[in-house]
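A closer look at the structure
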Amino acid sequence: MGSRWAVVILVTLISAVEATVGVAALAKPNCQSECGDVTIPYPFGIGDYCYITSDFFVHCNTTYGPPKPFIGNNEVLNISLEGNKLGYGLRS
């Protein structure tokens, strides 16, 4: 399916997240909020029960210095939650 389908799925899930939880700038309680220099706000998350669905799971690869966050095989460069918009940057 490739990354094009992943983007479609993420956009669909983002709409669902906005409808159910609004936009929050923080990680869930007891969840890691940063990976290296990148803030990881909910609905994304690092660790069990820290993300809204598995499509929002962020793997924090600590073998890099500083650690780097990944969604699948794509490095996450940033995540922004402003107003009703969710933005993120990926490096594939």
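Residues numbered from 1 in each chain as written. Predicted model: local features only at pLDDT ≥ 70, side-chain atom pairs only at ≥ 80, totals over all residues. Heavy atoms only, no water.

Overview of the confidence of the model for the chain
As a reminder, the rule being used: The pLDDT value tells you how sure the predictor is about a given residue, anywhere from 0 up to 100. Secondary structure elements are defined from DSSP: runs of H or I of at least 4 residues count as helices, runs of E of at least 2 residues count as strands, and each element is numbered from the N terminus. We call two residues in contact when some of their heavy atoms are within 4.5 Å.
With 65% of its residues at a pLDDT of 70 or more, the chain has an overall mean of 79. Summarising per-element confidence for the chain, the mean pLDDT is lowest in helix α1 (residues 2-21) (49) and highest in strand β3 (residues 59-61) (97). A low-confidence stretch, residues 5-9 (pLDDT under 50), is modelled with 2 contacts involving residues beyond four sequence positions or located in other chains. Throughout residues 18-24 the model reports pLDDT below 50, and contacts reaching past four residues in sequence, or to other chains, amount to 13 contacts.

Re the pairing of strand β5 (residues 74-82)
Just so we agree on the cut-off: The criterion for strand pairing is that DSSP finds at least two bridges linking the strands in question.
The pairing of strand β4 (residues 68-71) with β5 spans 2 bridges and is antiparallel. Counterpart to I71 in the pairing with β5 is N74. Connecting β4 to the antiparallel partner β5 that follows it, the hairpin turn spans 2 residues, and G72 within it adopts a positive phi of roughly 60 degrees.

A look at the state of the cysteines
Condition: Note on terminology: disulfide denotes any pair of cysteine sulfur atoms within 2.5 Å. Burial status follows relative accessibility: with a 1.4 Å probe on protein chains alone, a residue under 20% of its type maximum counts as buried, one over 50% as exposed, and anything between as partly exposed.
For the structure on display, the rule yields 2 disulfides. The side chain of C31 participates in a disulfide bridge whose partner is C50; the two sulfur atoms lie 2.0 Å from each other. Measuring the twist about the S-S bond at about -85 degrees, one finds the C31-C50 disulfide to be left-handed. In this pair, C31 sits in the loop between α1 and β1 (34-35) while C50 sits in the loop between β2 (38-39) and β3, placing the two residues 19 residues apart along the sequence. Given a relative accessible area of 17%, C31 falls into the buried group. The disulfide partner of C35 is C60, and the S-S distance across this bridge is 2.1 Å. Here the S-S torsion is close to 90 degrees, and the disulfide linking C35 with C60 is therefore right-handed. Remark: C60 occurs in strand β3 and C35 occurs in strand β1; sequence separation between them is 25 residues.

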